[in-house]
Amino acid sequence: MAAPRIIVVGGGLAGLAAVIKIAEAGGTVDLFSIVPVKRSHSVCAQGGINAAKNLKGEGDTTAQHFDDTIYGGDFLANQTPVKGMCEQAPAIVDLLDRMGVPFNRTPEGLLDFRRFGGTLYHRTAFAGATTGQQLLYALDEQVRRYEAEGKVHKYEGWEFLSAIIDGKGIARGIVAMDLRTMELRAFAADAIILATGGIGAIFGKSTNSVVCTGSAQSAVFQQGVYYANGEFIQVHPTSIPGEDKLRLMSESARGEGGRVWVPRTVGDKRAVKAIPESERFYFLEEWYPTYGNLVPRDVATRAIHKVVYELGLGLDGQPMVYLDLTHIDRETLHHKLGGILEIYEKFVGVDPCVEPMKIFPGMHYTMGGLWVDVNQMTNISGIFAAGECEYQYHGANRLGANSLISCIYGGFQAGPNALRYAKSASAAEGDGGAAAEVARQAEINGKLLRNEGGENPFKLWRELGREMTEHATVIRYNKDLKATDQKIVELLDRFQHINLSDKSQWANTSFAFTRQLKNMLELSRTVVLGALLRDESRGAHYKPDFPERNDEKFLQTTKASFTGCDEGPRFEYEEVDTQYIKPRPRRYDAAK
Amino acid sequence: MATRTVTFEIKRQAGPDAPAVWESFELEWRPGMNVVSAMMEIAANPVTADGKPTTPIVYDSNCLEEICGSCAMKINGRARMACSALVDNLEQPIRVEPLTKFPLVRDLQVDRSVLFENLMRVKAWVPVDGTYDLGSGPRVYPQEQEANYPLSNCISCTCCMEVCPQFNEATDFVGAATIAQVKLFNNHPTGKVFKEDRLRALAGDGGIQECGYAQNCVEACPKQIPLTNAISDVGRDVLTQKVKDWLRG
């Protein structure tokens, strides 16, 4: 039998981790990415990566990491894969260290660790405040090494459009589009791994990168892959509001001692320095004395919302609160947080060592994603998924610094599993359906170019983003969710009347974007309708009308499947694996 | 009250062989606006200042936080990242054009893959034995980490290559970014196993001796990487290596 062919789509941490494992095992990989892989969104991760290495004499254990993760996720995550991840985390951090990641060090030359949200231990290894960048580069370098050996072929500047699925329902490859020539081409494979990240663009402005549209996930969802727990969207408590995006201000700022506060008096106009300590409201510390500023993100975000919208204490009446580092000396800040302080200073023009930062919550992370089994394979044979695009490691809320570990661990699982699957896969009959799939994609392209009407894709996208951010993020009401779904249906209809101002077939980025937009619209319905159906509050999903967690009814994984009907996706529910840790109430005002 | 506006002049080119034209755009000013957000605005309303319908600008961008290295272009004559180019800090009209040292794709998009090829040539990686659990990495003292971390911050934006007078087809110079990575990997306790290979890769034509010490690179670098220090350190090592190789015959 010929050597198995594996395609990895996405060159962030999860995709590169999968590539490395496959190449190391002797396989060959075709790696597809819209951007040069070194520019993938993993580069934006700031604070660090969790691993219970217990180098601070605190008695931290992988079991404790496991419990923090499950508890932080409000018991919605399947426990077996999470347990595996937490147990492997120390070895993964050691490996990254061996690959040359410039982690911060202790005086003795060992890895330094800091605190992060949702835990009381120093468990987060970090490289300044650009840990994602450093990790991505380390994996990028290893992949380049395999590329030099001929084991990896990169297709950078190609966009995944769909899977090729044969008559038996088995994946046989992908159709991708060259973003320069706009050529459509089929690539055969015995197994494909999607590692295509989050869906931030559905919310218009988020902390995500431009490529994080969820288009690839949506494409395979529309081809029959389940989309799980779509309603769980993480809104990061601290981002810098901007015209083009919400820039992340890492949780590590609080991990290193940053304090969140507002003036106690509504409409206090005094300069920040003129407000005495006694007149500052450190609301996280007051409300959550045990975890303080390091409560999990969903808790901190709701607290900021309450302070701003219910108590009217936003700075100068605006939706903003202070994140204060000014009590920490400049050298320590530079050493441990340099990268993020630079971002703030560059984009806001104020030195955060001197003046507290002004921040507000912003859409940040997609807990839900493609449904996968314990082997990281979706319900379509031969399609695997790893990283943020799948659903299985974070439950209803992700803890800070668990994303990097879940991406690498997920990729490390998906790679070898895909190779094993590919080795035993039956041969495709004929072309496996490749020609038909290329024709289907060509028809979609043709229609888009022929369309006549008055709609502009970028304007439709803004409308979607506004609607999603307003009604499907921090606080959710059923009435609004229903209206939002209606709005998406309307946008899907108006999509038919998009008239592209650029119909050329060379490096046409707005054409590629418009294709992504259709997929964003389809996928956003799983977020909205999933939220509508879940009448409880759990982790990041919060409904004031149903403020309690309801395990009896909703300790279940949501699984959406595409129908193509106007009514939207079909929903079913699956039992959660809770075999190791019995669900208990989740609270952060006291120790667990 | 008239709304405050911002004027852009953007160099357009439909493809590598198409003629270049300049188009003007007048946009409503918004607080915190940057060059990328302006181009997003144009995409939503692609009409020039004189009311002529046009197409959205083609450009590379991704993170918008100056960490992915995508959106390098020339803004008011200077090679820099467009996402961090705040409109309030720029003289108007804001003139935007593509980098000039790389093959043009379309409008502001260029092909910078040469940098990734160069990184392959100098083996810019640490050759680990495998990804299985082999225990912790080598000890690294904080002072060493502090020296290496800045070099590891290179975002591959290629601004240093754009501004370098020696980076051109005649010299085939690798450019400062690659040289700094050689220093980084030669500093690493495991990475230095390829030290000699890397130095030899920088010894021939297009290697480090092409550097003319113009020092433009270090000024253009958006990440303040000590590029000229790296060039002089690596230059010395290349020379030593040459002498060693010569003595060895």
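Residues numbered from 1 in each chain as written. Chains lettered and ligands numbered in written order. Predicted model: local features only at pLDDT ≥ 70, side-chain atom pairs only at ≥ 80, totals over all residues.

An unreviewed UniProt entry lists chain B under the name succinate dehydrogenase, from Candidatus Sulfuritelmatomonas gaucii. Recorded under Sequence similarities (unreviewed entry), the UniProt text for chain B is reproduced unchanged: "Belongs to the succinate dehydrogenase/fumarate reductase iron-sulfur protein family." (UniProt positions renumbered as here; feature names shortened; annotations may be inferred.)

Under an unreviewed UniProt entry, chain A has the name succinate dehydrogenase and belongs to Candidatus Sulfuritelmatomonas gaucii. Taken directly from UniProt, the Catalytic activity (unreviewed entry) text for chain A runs: "a quinone + succinate = fumarate + a quinol". Listed in UniProt under the heading Subcellular location (unreviewed entry), the comment for chain A reads: "Cell inner membrane".

This paragraph deals with the overall build of chain A. Helix and strand counts for chain A stand at 15 helices and 21 strands. In summary, chain A has a C-alpha radius of gyration of 23 Å against a globular reference of 25 Å for 592 residues, a match within 12%. If one aligns the C-alpha atoms of chain A with their principal axes, the spans along those axes are about 75 × 55 × 50 Å. Counting the 592 residues in chain A, one finds 61% classified as buried. Once local pairs closer than 6 in sequence are excluded, the contacts in chain A between residues at least 24 apart make up 74%. (Helix = DSSP H or I, 4+ residues; strand = E, 2+ residues; numbered from the N terminus. Rg over C-alpha atoms; globule rule 2.2 N^0.38 Å. Buried ≥ 20, exposed ≤ 12 C-beta atoms within 10 Å, placed from the backbone. Contact = placed C-beta atoms within 7 Å.)

A tally of helices and strands in chain B yields eight helices and seven strands. Projected onto the principal axes, the alpha-carbon positions of chain B cover approximately 75 × 40 × 30 Å. Within chain B, the proportion of its 249 residues that are buried is 48%. In chain B, once contacts between residues fewer than 6 apart in sequence are set aside, the share between residues at least 24 apart is 63%.

The next thing to look at is the nonpolar core. Counting 257 residues, the largest nonpolar core has Val9(A), Val19(A), Ile192(A), Ile193(A), Leu194(A) and Cys160(B) as the members making the most contacts within it. Among residues more than four places away in sequence, those in contact with Ile192(A) are Ile7(A), Val9(A), Ala163(A), Ala171(A), Ile174(A), Gly382(A), Ile383(A) and Phe384(A). (Core = buried A, V, L, I, M, F, W, Y, C linked by C-beta atoms within 7 Å.)

Residue and element names in this part refer to chain A. Among the six residues of strand E2 (residues 28-33), five are classified as buried, and the element is accordingly described as predominantly covered. Bridge count between E2 and strand E6 (residues 152-156): five bridges; the pairing is parallel. Within E6, the position partnered with Asp30 by the bridge is His153. (Pairing = 2+ DSSP bridges.)

Looking now at the domain arrangement of chain B. Residue and element names in this part refer to chain B. What the domain assignment reports for chain B is domain 1 (5-110) and domain 2 (113-248). Using C-alpha coordinates to define each centre, domain 1 is positioned 31 Å away from domain 2. Counting residues at the interface gives 13 residues for domain 1 and 12 residues for domain 2. Looking at the side of domain 1 that touches domain 2 element by element, the count peaks at three residues for strand E4 (residues 78-81). Considered class by class, the residues forming the side of domain 1 that touches domain 2 number seven nonpolar, three polar and three charged. (Domains from an automatic or database assignment. Nonpolar A, V, L, I, M, F, W, Y, C, P; charged D, E, K, R; others polar.)

Before going further, it helps to examine the UniProt feature "active site" (unreviewed entry) in chain A. Residues and elements named next belong to chain A. Annotation from UniProt places "active site" (unreviewed entry) at Arg297. With respect to the helices and strands, the residue Arg297 is situated in helix H8 (residues 297-310). Discounting chain neighbours no more than four positions away, the residues touching Arg297 are Gly117, Gln234, His236, Pro237, Asn397 and Gly400.

With that out of the way, let us pick up helix H4 (residues 131-148) of chain A. Residues and elements named next belong to chain A. When the terminal C-alpha atoms of H4 are compared, their 26 Å separation across 18 residues agrees well with the 26 Å that a helix rising 1.5 Å per residue should span. With respect to burial, H4 is a largely interior element, 15 of its 18 residues being buried. With its phi angle positive at about 80°, Gly150 sits one or two positions after the end of H4. (Expected span 1.5 Å × (residues − 1).)

Let us now look at the sheet that holds strand E17 (residues 357-366) of chain A. Residues and elements named next belong to chain A. A sheet is described by the order of its strands in space; here six strands give the open sequence E13-E12-E17-E16-E14-E15, paired in antiparallel fashion. Looking at which strands have only one partner, the edges of the open sheet turn out to be strand E13 (247-248) and strand E15 (280-281). Looking at chain direction, strand E12 (residues 233-240) and E13 are connected through two bridges and run antiparallel. Paired with Ser239 across the two strands is Leu248, which belongs to E13. Here H8 sits on the sheet in contact with E12, strand E14 (259-263), strand E16 (321-324) and E17, set at roughly 60° to E12. (Axes fitted to C-alpha atoms, helices over the stretch in contact; angles between N-to-C directions.)

Right, let's get into the interface of chain A and chain B. One frequent convention defines the size of an interface as the accessible area lost when the parts assemble. Counting from both sides, the interface comprises 57 residues of chain A and, opposite them, 57 residues of chain B. Secondary-structure elements contributing two or more residues to the side of chain A that touches chain B are helix H1 (13-24), helix H3 (79-98), H4, helix H9 (330-348), helix H12 (457-471) and helix H14 (509-533) of chain A. For the side of chain A that touches chain B, the element with the most residues is H4(A), which contributes nine residues. Taken together, the residues of the side of chain A that touches chain B sort by class into 20 nonpolar, 16 polar and 21 charged.

All names here are of chain A. Structurally, chain A comprises domain 1 (5-202 + 213-229 + 368-394 + 404-424), domain 2 (237-363) and domain 3 (434-575). Centre-to-centre separation of domain 1 and domain 3, based on C-alpha positions: 24 Å. Across the contact, 33 residues belong to domain 1 and 30 residues belong to domain 3. Looking at the side of domain 1 that touches domain 3, the elements with two or more residues in it are strand E7 (158-165), strand E8 (171-178), strand E9 (184-188), helix H5 (215-222) and strand E11 (227-228). The class makeup of the residues in the side of domain 1 that touches domain 3 is 19 nonpolar, 10 polar and four charged.

Another aspect to go through is the environment of Asp190(A). Residue and element names in this part refer to chain A. Note on placement: Asp190 falls in the loop between E9 and strand E10 (191-194). Sequence separation between Asp190 and Arg5 is 185 residues; the distance between their C-alpha atoms is 5.4 Å. When neighbours within four sequence positions are excluded, Asp190 is seen to be in contact with Pro4, Arg5, Ile6, Gly382, Ala422 and Ala425.

The next point concerns the pairing of strand E1 (residues 5-12) of chain B. Residue and element names in this part refer to chain B. Here eight bridges tie E1 to strand E2 (residues 21-28), and the two strands are oriented antiparallel to one another. Along E2, the bridge assignment pairs Glu9 with Ser24. Both E1 and strand E5 (residues 94-97) contribute to a ladder of three bridges, which runs parallel. Its bridge partner being in E5, Glu9 is matched across the sheet by Arg95.

Glancing now at the packing of H12(A) against H14(A). Residues and elements named next belong to chain A. For the pair H12 and H14, the least separation of the axes is 10 Å and the interaxial angle reads 30°. The angle between H12 and H14 places the two elements in the roughly parallel class. In this structure, H12 meets H14 at a crossing whose hand is left-handed. Between H12, through Pro457, Leu460, Trp461, Leu464 and Met468, and H14, the contact on the second element is made entirely by Ser510, Phe513, Thr514, Leu517, Met520, Leu521 and Ser524. Of the residues in the contact of H12 with H14, the class split is nine nonpolar, three polar and no charged. (Parallel < 35°, antiparallel > 145°, perpendicular 65-115°, else oblique. Left-handed = near helix turned anticlockwise from the far one by under 90°.)

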